[in-house]
Amino acid sequence: MRRNIYGSSVLKLALIVTVLVLVFCAGLASYAQSTVSGTITRGGVPCPDARVILTDTATGSYVAARTNVFGCYSITGVATGDYTFTANALRAVPVVDKAVSVNDTQVTVSVDLTFGDTPLFDDFSGTELDVCNPSDPTGNQSSRWVLYNAFGSQEGVGASIENGSLRIDATQNMGGVISRNPFPKYGTFEFVWPKRYEGTDQCFTLIKDKSPYDSYVNNYTNYFTVQDIGSTVASLAYAKGYNNSTTREWTRSTAYGLYYPTKVTILKTGSYLDFFFLNNICMKSSDSAMVADEVYVYLYGNEASGATTVAFFDDIYAGATVPVTVSNVIEARSAATGNKVAIGKAVVTASFDDAFWVESLDRSSGIKVISTAKPTVGKGVIIKGTVVRENNEVALQAEDVVIGGTVTTTPFAVAITGKAANEYNKAGATAQGMIVKVTGKVTEVVTDTENISIEGYYLDDGSGITAGTHKGLYVKIADFITLPASVVNQGDFITIEGPLTVAAVDNGTYLVPSIVAARGLDYGPVGFIAYNDVVQSPKYPSFGGPNITHYSALGNDNVADDFPGGPLKDYATGNYIGESAVVTASGTVSELQQEDGGNPVTGDAKTYFTDELGNWIVDFRGCLYTPEGTYESWWVDVTFYGLDPKALYEFVGTVDRNESRNLPVLFRISDFAACDYACSDITPSYSASKVSETGIYYGSGIPSSHDSGYVARWINIKPLPNGTFKVRSNCASVAQGGYGIGGFRLRKQAGPEVPPTYSTDQYWRDDYAYWPIWQ
């Protein structure tokens with residue numbers, strides 16, 4: 001009986017639970033949620049840091065996300081319903097109000113943005129500023145700027161052009177200029193601070209309207225201000241909103257090390273603002289609903305009341321993006337001068353400081369791109385710019401460069417004759433911009449005014465090319481290369497590869513076909529070893545003698561090869577080789593030459609930098625140095641070029657010093673095709689750790705035995721197709737001093753080598769967020 005009652009109770013309970021579950025599930029059905037994800041590309045290339053917004057068409061509420069480095073985004077927890085989809089990115093035409101219906105657990109929305117052009121608002125290149133005073137009824141009412149002060153009187157506010165930049169003088173708070181016209185809901189705002197920090201806040205602001213000057217409390221709405229760039233405490237984004245009693249303020253960000261000149265870009269997508277600094281890296285985002293659809297640009301200096309303020313700005317870009325015509329390399333070459341084009345699906349074949357060259361994938365044509373972007377050879381690119389004609393050569397003045405993935409097959413050099421290159425309007429018109437190979441005899445060497453380094457040389461292959469008294473094509477040495485005057489001589493036979501361009505010689509009197517060369521010598525023999533002492537102390541004699549080089553970012557007054565870079569020497573013979581290196585630095589970097597910093601007494605540094613008798617080849621008593629307490633990003637780079645792209649190399653570098661201080665150093669290898677980690681076998685600790693397969697961190701002094709003699713070493717390094725790779729040294733944080741590289745050696749291997757095995761796990765920690773972003 002009791003069993004029957006119990007069974008009946010269970011049945012009733014099950015029925016109740018079933019009903020409750022059905023009711024609950026029915027309720028869930030009305031609140032189902034989905035994930036909306038996809039990719040944002042621009043011309044088929046992933047578009048990072050793009051803004052994606054979903055707006056509920058019924059309620060007006062919205063959610064947003066930004067794309068990652070692969071152009072991917074994901075928004076979770078989106079309720080079912082109808083939405084409008086918006087995507088916006090730098091230098092792109094925004095996709096606005098695309099209808100999206102969310103009725104499943106997974107919705108994919110992918111968009112390919114087209115190139116856009118942000119019109120120039122003012123580059124301040126004139127002699128007078130295009131500005132008017134609103135109190136002057138006879139002023140130019142069509143001017144771009146209006147004198148303005150959000151805090152009241154216009155008295156004492158002055159604006160002028162100084163050295164191609166906007167200068168604002170004010171004797172009271174917030175005196176400056178405001179744009180005459182507003183800018184829309186979707187747009188890009190960009191500006192540059194061109195001058196050094198002078199103790200005043202130089203402020204770029206977006207505000208709602210040009211309110212009456214004596215009534216800012218009720219009408220003035222300051223959506224954000226970026227200021228203090230150049231000071232040791234820089235405001236990344238500082239914003240207040242004044243609207244009666246409503247005040248909104250963001251947290252002030254400090255110590256970003258944003259020094260002059262600094263470019264700042266703000267992307268406005270509806271109520272969202274994204275802030276981009278330096279290399280168009282998104283640093284901060286806001287979703288303030290206070291931002292109006294149309295805003296004005298307000299530039300001013302901010303100081304204590306009555307103080308004299310001087311603020312500088314340059315290259316103000318503002319406005320909505322507009323599309324441009326997309327074309328390929330051939331169409332770009334045939335377009336009229338001044339036309340704007342966008343080239344897609346091209347491959348980078350050569351890359352230098354002031355220009356790079358691309359070819360179409362079918363090798364039908366190439367073109368010179370005037371830009372400082374320096375994309376890696378072999379990368380696919382999309383370029384937007386203006387067609388120009390430079391020295392009878394069609395080129396593209398780049399306005400935007402998007403770097404995509406690596407192209408599977410990089411075009412190789414095509415052998416041509418000087419005669420073909422000289423026919424500008426025939427074969428040369430097609431050959432220009434292509435990577436070519438020419439063999440000939442050196443007829444003339446062009447050196448600098450002091451006859452120290454080579455600027456170029458003329459190479460004659462028998463084609464009979466002449467330009468005035470010169471005979472042959474002109475081989476121009478790339479600007480980042482320094483060749484000593486004795487390296488190339490008249491009568492030498494040389495085979496050279498590079499992009500075919502046109503040079504204007506004898507002060508522009510003659511035009512001659514030219515090849516830009518990233519190397520000018522033969523590759524070194526297999527097995528060669530080359531050493532470079534970055535800083536040679538004048539207190540001590542050179543350890544390596546004449547068979548090593550002393551290239552340094554800062555130069556050394558006491559050595560003969562006083563260059564930042566050039567060809568290395570085979571240590572066994574003392575002969576220059578084609579493999580070359582250049583040492584560059586950024587930030588407050590100086591030479592350190594002191595007696596208490598000697599050479600390490602043990603460890604790998606001694607193994608790799610002494611000869612068979614134990615004598616030191618590189619003197620580590622001198623190195624590059626940044627003092628402690630230097631609040632800025634700094635680094636020292638060694639860029640190798642002129643390498644055999646088919647060969648394998650070993651790199652060894654260190655800053656190890658036999659002294660009491662233990663300043664840290666981070667080494668990282670980059671811009672290579674392949675390599676294997678072979679750094680010193682370290683004891684992982686706070687003072688030493690393997691960062692990754694491409695990075696190592698260690699203390700450079702000897703406070704404990706395990707910090708002595710460490711080296712950064714990689715083997716089986718395969719250069720990029722253009723024969724380059726790079727090694728950077730810097731410190732563990734922007735606020736930290738430290739040493740840059742003191743010396744290095746490069747060895748050309750006979751073949752693949754087996755990486756070493758280690759006694760312990762080289763990694764000190766799994767969380768590598770501690771390490772800085774490599775710039």
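Residues numbered from 1 in each chain as written. Predicted model: local features only at pLDDT ≥ 70, side-chain atom pairs only at ≥ 80, totals over all residues. Heavy atoms only, no water.

(A) Summary view of the overall build of the protein. Broken down by element type, the protein carries 6 helices and 56 strands. Counting all 775 residues of the protein, 52% fall into the buried class. Put simply, 69% of the contacts in the protein that link residues at least 6 apart link residues at least 24 apart. Carbon and sulfur atoms make up 51% of the accessible area of the protein, which amounts to about 32,900 Å² in all. (Helix = DSSP H or I, 4+ residues; strand = E, 2+ residues; numbered from the N terminus. Buried < 20%, exposed > 50% of the residue type's maximum accessible area, 1.4 Å probe, protein only. Contact = heavy atoms within 4.5 Å. Areas by Shrake-Rupley, 256 points an atom, 1.4 Å probe, with all protein chains shown as cover.)

(B) Quick peek at the sheet that holds strand 50 (residues 674-677). Judged by pairing direction, the sheet is antiparallel, and its 5 strands sit side by side in the order 42-56-48-53-50 without closing on themselves. Only two strands of the sheet have a single neighbouring strand rather than two, namely strand 42 (529-533) and strand 50. Across the sheet, the axes of successive neighbouring strands diverge by a mean angle of 20°, strand direction being ignored. Sheet topology places strand 48 (residues 649-654) next to strand 53 (residues 712-718); 4 bridges connect them, and they run antiparallel. Paired with Val652 across the two strands is Arg713, which belongs to strand 53. (Pairing = 2+ DSSP bridges. Axes fitted to C-alpha atoms, helices over the stretch in contact; angles between N-to-C directions.)

(C) Just the packing of aromatic side chains, in detail. Scanning the model with the defined rule gives 17 aromatic pairs in all. Ring plane angle 75° and centroid distance 5.2 Å describe the contact between Tyr531 and Tyr571, whose orientation is recorded as edge-to-face. Taken as a pair, Tyr531 in strand 42 and Tyr571 in the loop between strand 43 (565-569) and strand 44 (576-586) lie far apart in primary sequence, 40 residues in all. Seen from their ring centres, Phe640 and Phe744 are 5.3 Å apart, and the 85° between their planes marks the pair as edge-to-face. Of the two residues, Phe640 is situated in strand 47 (residues 635-641) and Phe744 in strand 56 (residues 743-748); the sequence distance between them amounts to 104 residues. Comparing Phe640 with Phe744 shows no difference in burial state: the two are buried. (Phe/Tyr/Trp six-rings, centres within 6.5 Å; stacked < 30°, edge-to-face > 60°.)

(D) Seen up close, the pattern of salt bridges. Scanning all chains against the criterion turns up 21 salt bridges. Of the charged contacts, one joins Lys748 and Asp644 as a salt bridge, the two residues approaching to 3.9 Å between their closest N and O atoms. One end of the pair, Lys748, is in strand 56; the other, Asp644, is in the loop between strand 47 and strand 48, with 104 residues separating them in the sequence. Asp644 carries the same exposure label as Lys748, and that label is buried. Within this structure, Glu650, Arg713, Arg745, Arg747 and Glu753 form a network of salt bridges that share partners. (Salt bridge = Lys/Arg side-chain N within 4 Å of Asp/Glu carboxyl O.)

(E) Representation of the pairing of strand 47 within the structure. Among the 7 residues of strand 47, 6 are classified as buried, and the element is accordingly described as predominantly covered. Of the pairings in the sheet, the one linking strand 44 to strand 47 comprises 7 bridges and is antiparallel in character. Within strand 47, the residue paired with Ala581 across the bridge is Phe640. By the bridge criterion, 5 bridges tie strand 47 to strand 54 (residues 725-730) in an arrangement that is antiparallel. Across the sheet, Asp637 pairs through a bridge with Arg728, a residue of strand 54.

(F) Main features of the side chain of Gln749. Topologically, Gln749 is positioned in the segment after strand 56. Assessed through its relative accessible area of 3%, Gln749 is described here as buried. Among the polar contacts made by the side chain of Gln749, one reaches the main-chain carbonyl oxygen of Gly751 at a distance of 3.0 Å. With residues up to four places along the chain from it excluded, the contact list for Gln749 reads Val526, Leu648, Tyr649, Glu650, Ile715 and Asn716. (Polar contact = N/O pair within 3.5 Å; in protein donor to acceptor, adjacent residues only side chain to side chain.)

(G) Inspection of the pairing of strand 3 (residues 51-56) at higher detail. A large share of strand 3 lies buried, amounting to 5 of its 6 residues. Once strand 3 ends, the chain turns through 5 residues before running back antiparallel as strand 4 (residues 62-66), passing Gly60 with a positive phi of about 80°. The pairing of strand 3 with strand 6 (residues 81-88) spans 6 bridges and is antiparallel. Paired with Asp56 across the bridge in strand 6 is Tyr83.

(H) Seen up close, the sheet that holds strand 6. Pairing is antiparallel across the open sheet formed by 4 strands, whose spatial order is 4-3-6-7. Two strands lie at the open edges of the sheet, namely strand 4 and strand 7 (95-102), each paired on one side alone. Each adjacent strand pair in this sheet contributes to an overall mean axis angle of 25°, direction not counted.

(I) Here's a closer look at unusual backbone geometry. Positive phi, normally seen in glycine, also occurs at Asp97, with a value near 60°. Relative to the elements of secondary structure, Asp97 occurs in strand 7. Backbone geometry places Asp315, a non-glycine residue, at a positive phi of 50°. Along the polypeptide, Asp315 turns up in strand 25 (residues 309-319).

(J) A look at the environment of Ala355. Here Ala355 lies in strand 29 (residues 355-360). On a C-alpha basis, the gap between Ala355 and Thr372 in space is 6.1 Å, while along the polypeptide they are 17 residues apart. If we skip the residues at most four places from it in the chain, Ala355 touches Lys368, Val369, Ile370 and Ser371.

(K) Spatial organisation of the confidence of the model for the protein. Across the protein, the average pLDDT comes to 76, with 72% of residues at or above 70. When the criterion is pLDDT under 50, residues 212-220 qualifies, and its contacts beyond four places in sequence or with other chains add up to 28 contacts. Within the model, pLDDT remains below 50 along residues 701-707, and this stretch shows 19 contacts once partners closer than five positions in the same chain are excluded. (pLDDT = per-residue confidence, 0-100.)

(L) Main features of the environment of Gln762. Mapped onto the secondary structure, Gln762 falls in the segment after strand 56. With near-sequence residues (within four places) excluded, Gln762 lies in contact with Tyr677, Ser680, Asp681, Ile682, Pro684, Ser689 and Lys690.

(M) Quick peek at the side chain of Thr86. Note that Thr86 resides in strand 6. Setting aside residues up to four positions removed in sequence, Thr86 forms contacts with Arg51, Val52, Ile53, Val95, Val96, Asp97, Tyr186 and Thr269.

(N) Highlighting the nonpolar core. Formed by 41 residues in total, the largest nonpolar core has its most connected members in Phe640, Phe667, Trp714 and Phe744. With near-sequence residues (within four places) excluded, Phe640 lies in contact with Leu568, Ser580, Ala581, Phe651, Gly723, Thr724, Phe725, Phe744 and Leu746. Judged by nonpolar contacts, the second largest core, of 40 residues, contains Ala350, Tyr457, Tyr458 and Val487. (Core = buried A, V, L, I, M, F, W, Y, C linked by side-chain atoms within 4.5 Å.)

(O) Expanded view of the environment of Thr482. Along the chain, Thr482 falls in the loop between strand 38 (473-477) and strand 39 (483-484). Here Thr482 falls in the buried class, since its relative accessible area comes to 13%. With 69 residues separating them in the primary sequence, Thr482 and Tyr551 have C-alpha atoms 9.9 Å apart.

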